[in-house]
Amino acid sequence: MPAGITVADRSRSMADLEAVADEIRALGRRAAPFVADAREDSDVHAMIDAALTEFGGGLDIMVNNAGGSFYARFPDINERGFDAVVRNNLKTTFLCCQAAGRVMLERQSGVIINLSSGAAFGGSVNQPVYAATKAGITNLTQTLAVEFAPHVRVVAIAPGLTDTIGMRAPYGDRADEEVAMRAQSFAAQRLATPRDMGLACVFLASDAASYVSGVTLRVDGGGRAAEE
């Protein structure tokens, strides 16, 4: 049976989420939009309950992609800014892993895929709290791979710089120039795309990765290797 996909976000309207769901349906898959704030435990449980009700069966795959950050040097970050990034990145991953893990462990099957970052392996002067939370996600992934074994796998991907609307936004008319310039620092000579991340998730969720757990896969076009 084709996979059923719940599309969840806290800041997008239901109309926006429905549009994404329609794109998935056009590919022959079932989809259901859901507005949820992954920083809130009650919303996370409601989201998972809605998915189970909508599609029946169990929860097979959970992709934790909630998060955010801002640019600032360490001395300029106040407590409120620190708390916001930790809550957006690490707390959301914690809550979603905990809620999904309970369902998957009861069924003795499932894969959890967390979104870390290349910054987890080398730090970031301009986003130090972001880098710290992503390192925390990588470590949490290792811990849960043991905690949830042997029936539930927990893995992560660490994207390199990805060409998205959000990445381009600050550069306005110079976005293409900025993307081209930054691409030169990657062995692949291009930035990642959201599709690259999606395909990595498909691999990690598939039977081809049935013996893969506790790892964070770098999907960065050789960017970190070039730095090293």
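This text goes with the structure placed above it.
This is a predicted model, so every value here is computed, not measured.

Draft legend 1. Structural view of the side chain of Asn 88. As for its position among the elements, Asn 88 is in helix α3 (residues 79-107). Other than its neighbours up to four places away in sequence, Asn 88 contacts Arg 10, Arg 39, Ala 66, Gly 67 and Gly 68.

Draft legend 2. Seen up close, unusual backbone geometry. Looking along the chain, the bond that leaves Ala 149 and enters Pro 150 is cis, with omega of 5 degrees. Tracing the sequence through the fold places Pro 150 in the loop between α4 (128-147) and β5 (152-159). Within the chain, Gln 108 stands out as a residue other than glycine whose phi angle is a positive 60 degrees. Mapped onto the elements, Gln 108 comes out in the loop between α3 and β4 (110-115). Notably, Gln 189 is not glycine yet its phi reads approximately 60 degrees, a positive angle. In this structure, Gln 189 sits in the loop between α6 (175-183) and α7 (194-205). Classification of Gln 189 as partly exposed rests on a relative accessible area of 44%.

Draft legend 3. Region of interest: α7. Relative to the 16 Å expected for 12 residues at 1.5 Å per residue, α7 spans 17 Å between its end C-alpha atoms, a close match to the ideal helical length. Listing the buried residues of α7 in full gives Asp 196, Met 197, Ala 200, Cys 201 and Leu 204. Angularly, the buried residues of α7 cover 135 degrees about the axis, an arc narrow enough to put them on a single face. Exposed positions of α7 whose direction lies more than 90 degrees from the buried face are Pro 194, Arg 195 and Val 202.

Draft legend 4. Structural detail: the environment of Ala 31. Mapping Ala 31 onto the fold places it in strand β2 (residues 30-35). Looking at Ala 31, the relative accessible area reads 6%, which means it is buried.

Procedures and definitions
- The numbers attached to residues start from 1 for each chain and follow its sequence in the written order.
- This being a predicted model, a pLDDT of at least 70 is required before a residue's local features are given, and a value of 80 or more before pairs of side-chain atoms are given or counted; all residues contribute to the totals for chains, interfaces and linings.
- Side-chain figures throughout are based on the complete set of non-hydrogen atoms in the structure, without hydrogens or water.
- For helices the rule is a DSSP run of H or I covering at least 4 residues; for strands it is a run of E covering at least 2, with both sets numbered from the N terminus onward.
- The contact criterion used is simple: two residues touch if any of their non-hydrogen atoms lie within 4.5 Å.
- Using a 1.4 Å probe on the protein chains alone, a residue whose accessible area is under 20% of its type maximum counts as buried, one over 50% counts as exposed, and one in between counts as partly exposed.
- Expected span of a helix, by definition, is 1.5 Å for each gap between consecutive residues, and there is one gap fewer than residues.
- Note that the arc is defined by the directions from the helix axis to the C-beta atoms.

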